[in-house]
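An overview of the molecular structure
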Amino acid sequence: MASVLGKQERKKIVFPSKNELSEAMAKYTANLSAKFCKERGYFTLVLSGGDLISWLSELLKPVYQESIEWSKWHIFWVDERVVPLDHKDSNYKLAFDGFLSKVSIPIANIYAIDQDCAALGDAKGAALLYEECIKRLVNRNIIRTYKSSGFPQFDLQLLGMGPDGHMASLFPGHYLIKEKANLVTYITDSPKPPPKRITFTLPVINCASYNLMAVCDEAQADAVAKVFEDDFDLPSAWLTADVEAIWFLDQAAASKIPK
C-alpha cells in the first residue's frame with residue numbers, strides 16, 4: 001500500500017457512536033482552523049454532502065462559536081450536483097441550511113458553483129467556472145499550491161464514502177478517476193442520481209494537507225473493509241494527503257474490517 005499511497009499508511013479511528021465521531025471531527029477541524037489561521041491568516045475547508053453536514057453541526061456549540069476565527073474561513077465543495085442552488089439535492093443548500101447560515105463566515109468566502117450553470121444543468125460550464133474560481137484564489141494566495149505538482153492545496157477536506165466505495169463524484173469503473181490534467185471535471189451519467197455533477201479530480205483531492213474521511217453505518221461496512229484490504233477498484237481506496245489522511249468510522253462501518 002505504501003508504494004501506491006505514498007509516505008502515509010491508511011489511518012483509522014473507530015468511535016463507539018456517531019456522536020463521538022461528530023465531536024472528534026469538530027475538534028479536529030477546529031484545531032486545524034487555529035493552526036492555519038495563525039500560520040497563514042486563512043483556513044480553506046472543503047465540504048462534501050450526505051450526513052457530513054449534520055455531523056459538522058457540532059461546531060455550532062458555544063465553545064467553538066466563540067473560539068473559531070470564522071472570518072478567515074473559505075469554503076469549497078469537493079463535488080456538487082448540478083441542480084439549482086435551492087434544490088433539495090444541492091450540496092450547497094444542505095451545507096448552507098444546516099451549518100453555514102448559522103456561523104459568521106463572510107458570504108464572499110463561500111464558493112458555490114455558478115448559479116446560472118446550476119439552474120441550466122450545464123455541468124461542463126459549472127466545472128470550467130469552478131476551476132477558474134480556484135485558480136483566481138491561488139493567484140491571490142488564499143489557496144496554496146502543492147510543492148511539486150502546482151495543484152491547489154486545500155488545508156482540510158471533509159469527505160464521505162458511498163456504499164459502492166465512491167468518494168466525491170468519482171465512481172467505481174468510471175474514467176473520471178484517471179483524470180489528471182484538470183482540477184475540476186464533470187459527469188453527466190452519474191450512477192447515483194442526480195446524473196449531472198462536478199467533482200475535484202483525484203490529484204486535487206490527494207494534494208490536500210489533511211483529508212478526513214468520515215463513514216458511519218453498516219451499509220458502508222463492506223466497502224470500508226474492501227478499502228482496508230487495498231481494493232483499488234474502489235475510488236476511496238486511493239485517498240491520501242500531503243500530511244495526513246485519516247478515516248473516522250463508527251463501530252458499524254468498521255465492523256467488517258479484518259482483525
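Refer to the preceding data block for the structure.
Here the structure is a predicted model, which means the values were calculated and not measured.

**Looking at the packing of aromatic side chains**
- Under the definition given, this model contains 16 aromatic pairs.
- Their ring planes at 20° and their centres at 6.4 Å tell us that Phe-36 and Phe-43 sit as a pair that is stacked.
- On the accessibility criterion, Phe-36 (4% relative accessible area) is buried.
- Under the relative-accessibility criterion, Phe-43 is labelled buried at 0%.
- Aromatic ring contacts, followed pair by pair, group Phe-15, Tyr-28, Phe-36, Phe-43, Trp-70, Trp-73, Phe-99, Tyr-210 and Phe-248 into a single cluster.
- The lysine or arginine in question, Arg-10, covers the ring of Phe-228, its NZ or CZ lying 5.6 Å from the ring centre.
- Seen from the ring of Phe-36, Lys-35 lies directly overhead, with NZ or CZ sitting 5.3 Å from the centre.

**Digging into the sheet that holds strand 4 (residues 79-81)**
- Across the sheet, three strands lie side by side as 4-9-8; this open sheet has antiparallel pairing. Single-partner strands in this sheet number two, and they are strand 4 and strand 8 (184-187). For this sheet, the mean angle separating the axes of adjacent strands, direction not counted, is 20°.
- Sheet topology places strand 4 next to strand 9 (residues 197-200); three bridges connect them, and they run antiparallel. Bridge pairing links Glu-80 to Ile-198 in strand 9.
- Those strands touched by helix 7 (residues 123-139) are strand 8 and strand 9, and its axis lies near 165° from that of strand 8.

**Some details on the pairing of strand 3 (residues 73-77)**
- Burial analysis of strand 3 places five of its five residues in the buried class, the great majority of the element.
- Judged by which residues are buried, strand 3 turns out to be covered on both faces: Trp-73, Ile-75 and Trp-77 on one side and His-74 and Phe-76 on the other are all buried.
- Judged from the five bridges that link them, strand 2 (residues 43-47) and strand 3 form a sheet pairing that is parallel. Within strand 3, the position partnered with Val-46 by the bridge is Phe-76.

Calculation notes
Residues numbered from 1 in each chain as written. Predicted model: local features only at pLDDT ≥ 70, side-chain atom pairs only at ≥ 80, totals over all residues. Heavy atoms only, no water. Phe/Tyr/Trp six-rings, centres within 6.5 Å; stacked < 30°, edge-to-face > 60°. Buried < 20%, exposed > 50% of the residue type's maximum accessible area, 1.4 Å probe, protein only. Lys NZ or Arg CZ within 6 Å of the ring centre and 35° of its normal. Pairing = 2+ DSSP bridges. Helix = DSSP H or I, 4+ residues; strand = E, 2+ residues; numbered from the N terminus. Axes fitted to C-alpha atoms, helices over the stretch in contact; angles between N-to-C directions. Contact = heavy atoms within 4.5 Å.

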